[in-house]
Amino acid sequence: MANLRDASDKALKLLRTLPRVQIGNLRPNPNSKKPDKRGRAQHGGDKHGAGNKGSGQRQNFMRLGYETGNQPFYLRFPYEPYYKGHHMRRQYPPLSLLQLQVLIDTNRIDISQPVDITTLCNSGLLTLKPAEMEYGFQLTDEGLDNFKAKINIEVQHASEAVIAAVERNGGVIRTAYYDPRSLHILKNPKKWFEKGIPIPQRMLPPQDAIEYYTDAKNRGYLANPEEISKERLVLAQKYGYELPKIEEDASYEMLTAAKDARQLFLGLEPGWLINLVDKTIIKAKTT
Amino acid sequence: MNKITRAFISVLRQSNTSYSSVALLGRQLSYKSDISLDKIYPNARLQLYTPPPPASTGDKFNGFIPKDKLEVTYSRSSGPGGQHVNTVNTKVDVRFKLAEAEWIPQQTREKLLKALANKVTKEGYYFIKSDLTRSQQLNLADALEKLRTVIRAQEFESAAPSEETLEKVRRRQEKAARQRLQLKRERAQVKADRQAPGGIDL
């Protein structure tokens, strides 16, 4: 670092004594400009880069892509739907169990409260771009064996092994859907509240996602809670752990706290207007 | 306002940070929208609970394995994998005393003892090992799945052959016997023709 400072000081000193920069004083870096090859003399002349005889020298080229009669490659395939609609597909940026454990161990996330998108985005280490078809986080199974936190977490997608890992430690995991507008609100609630718009309600999932979120196996937020309780036992038997008695847990209330299907924030209802300046909530009158 | 009242009020104020549960002093009422869970599933038990293990119904194995009756040990797996396979205990060994496994129905247990007689150790342990995946938990799931498959294989009653099949088999056996006897007769005739004719009354 000191070296650079000396060099820059030297350069500035030089600049003070050198003559003014003018077109006549400038010169390109050595070997940056190749000399033009004119069509004259030994190297540019004679055949002028067109080779010997043939269609090349006679400038009678076949059209680009022509394969001397057989169906050209660019005309062989009438339809290639590999990426059809890919720009409209829902994306769920991954969050591994390893990352989650590290976030918890380094106190980036408070696990004495339910964890959702807002908690994860507020940590400052994770971002969500709803405008780029990102519909929330998916919890991946990297770090499955070493996950040891008891949390109430709500993500948008989780595989069976991940659900088992969370429930093994006495935690609760739910998968919930948020439409892009709700996601935008959730990822930075403070900025949204400053707009002065009442909290909207969360929309239902689209047709192709309803099945996922109404399935107890995926711990969907629209699934039957009784089925979820039964599935917890099934998963405990499948993965070979003793299902912890969650009713006897001291933080049972916190662990089972779940948002309503239309709710964005726990404790706040859709239709309420949050006034951050006066620290008040304006609710609609019930008529 | 005395100290006790002030403390009580501060406790109530703190308890306001509780969530959508009706339990707390009846003050906080949870928000219920048009599609709240109690409307979609009116007869369901909405609070999370731990269901009891399914009762074993005499004859058939219901799939429930009590974890405390199994002895699970972990060790390092074999095969390639560098530092991960060298240092992490991903291999799972699940063992239990087959004769004393009360969670397997009596009939199935006897069948298993007969079928797995050569696989049970001197002390009477039957074990299953798994190092299928890179994860200990997934290997444990695999070991338990293998165990359940072994138990269920003993309970599987293969269908008895149908009457048509039995009839076909009987006809085949009879045909084979007929052909064998015919061949014998032919060979005997050939051998007899090689001899000089005996004293036959012409």
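None of the values given here were measured: they were computed from a predicted structure.

Caption draft 1: Layout of the sheet that holds strand β1 (residues 94-96) of chain A. Residue and element names in this part refer to chain A. Pairing is parallel across the open sheet formed by 3 strands, whose spatial order is β1-β2-β4. This sheet does not close on itself; its edge strands, each paired only once, are β1 and β4 (157-158). In terms of strand pairing, β1 meets strand β2 (residues 138-140) through 3 bridges, oriented parallel. Along β2, the bridge assignment pairs L95 with L139. The strands touched by helix α5 (residues 97-105) within the sheet are β1 and β2, with β1 carrying the most contacts at an inclination of about 65 degrees.

Caption draft 2: Representation of the sheet that holds strand β3 (residues 125-130) of chain B in the model. Residues and elements named next belong to chain B. One open sheet accounts for 3 strands, arranged β1-β2-β3; its pairing is antiparallel. Only two strands of the sheet have a single partner each, and these edge strands are β1 (71-75) and β3. Neighbour to neighbour, the strand axes of the sheet diverge by 20 degrees on average, direction disregarded. One ladder, built from 5 bridges, connects β1 with strand β2 (residues 91-97); its direction is antiparallel. Its bridge partner being in β2, T73 is matched across the sheet by D93. Contacting β1, β2 and β3, helix α5 (residues 136-155) crosses the sheet at an angle of about 135 degrees to β3.

Caption draft 3: The arrangement of the pattern of salt bridges in detail. By the definition in use, this model includes 16 salt bridges over all chains. Residues E167 of chain A and R219 of chain A are paired through a salt bridge, measuring 2.7 Å at the closest nitrogen-oxygen approach. With a gap of 52 residues between them, E167 of chain A in helix α7 (residues 160-168) and R219 of chain A in the loop between α10 (207-213) and α11 (225-239) connect regions that are remote in the sequence. An identical accessibility class is assigned to E167 of chain A and R219 of chain A; each is buried. Between D34 of chain B and R262 of chain A there is a salt bridge, and its shortest N-O distance comes to 3.1 Å. Linking D34 of chain B in the loop between α1 (3-14) and α2 (37-40) with R262 of chain A in the loop between α12 (252-255) and β6 (273-275), this pair reaches from one chain into another. Here the residues in one salt-bridge network are D116, E154 and K259 of chain A, joined through shared partners.

Caption draft 4: A look at the nonpolar core. All names here are of chain A. Core analysis: the largest hydrophobic core is formed by 59 residues, its most contacted members being L97, L100, L139, I153 and I173. Of all the elements in the fold, those that place two or more residues in this core are α5, α6 (117-122), β3 (152-155), α7, α8 (180-187), α9 (189-193), α10 and α11. Among the elements that line this core, the one with the most residues is α7, at 6 residues. Residues contacting I173, with those up to four places away along its chain left out, are L139, I153, V155, A158, V162, I163, V166, E167 and R219.

Caption draft 5: Broad picture of the UniProt feature "domain: Large ribosomal subunit protein uL15/eL18" (unreviewed entry) in chain A. Here the UniProt-annotated "domain: Large ribosomal subunit protein uL15/eL18" (unreviewed entry) positions come out as residues 94-173 of chain A. With 30% helix and 18% strand, the stretch residues 94-173 of chain A has end C-alpha atoms that lie 16 Å from each other.

Caption draft 6: Layout of the environment of I163 of chain A. Residues and elements named next belong to chain A. On the secondary structure map, I163 appears in helix α7. Here the alpha-carbon distance between I163 and I197, two residues 34 residues apart in the chain, equals 36 Å. Not counting residues up to four positions away in its chain, the partners in contact with I163 are A158, I173, K217, N218, R219 and L235.

Caption draft 7: Representation of the environment of R63 of chain A within the structure. Residue and element names in this part refer to chain A. As for its position among the elements, R63 is in the loop between α3 (54-57) and α4 (73-76). Here R63 falls in the exposed class, since its relative accessible area comes to 54%. As a C-alpha pair, R63 and L144 span 81 residues in sequence and 57 Å in three-dimensional space.

Caption draft 8: Quick look at the confidence of the model for chain B. All names here are of chain B. Here chain B averages 89 in pLDDT, while 87% of its residues score no lower than 70. Low pLDDT, under 50, characterises residues 18-28; the predicted model gives this stretch 25 contacts beyond four residues in sequence or across chains. Listed scores for the predicted complex are pTM 0.76 and ipTM 0.74.

Rules of the game
Residues numbered from 1 in each chain as written. Chains lettered and ligands numbered in written order. Predicted model: local features only at pLDDT ≥ 70, side-chain atom pairs only at ≥ 80, totals over all residues. Heavy atoms only, no water. Pairing = 2+ DSSP bridges. Helix = DSSP H or I, 4+ residues; strand = E, 2+ residues; numbered from the N terminus. Contact = heavy atoms within 4.5 Å. Axes fitted to C-alpha atoms, helices over the stretch in contact; angles between N-to-C directions. Salt bridge = Lys/Arg side-chain N within 4 Å of Asp/Glu carboxyl O. Buried < 20%, exposed > 50% of the residue type's maximum accessible area, 1.4 Å probe, protein only. Core = buried A, V, L, I, M, F, W, Y, C linked by side-chain atoms within 4.5 Å. UniProt positions renumbered as here; feature names shortened; annotations may be inferred. pLDDT = per-residue confidence, 0-100.

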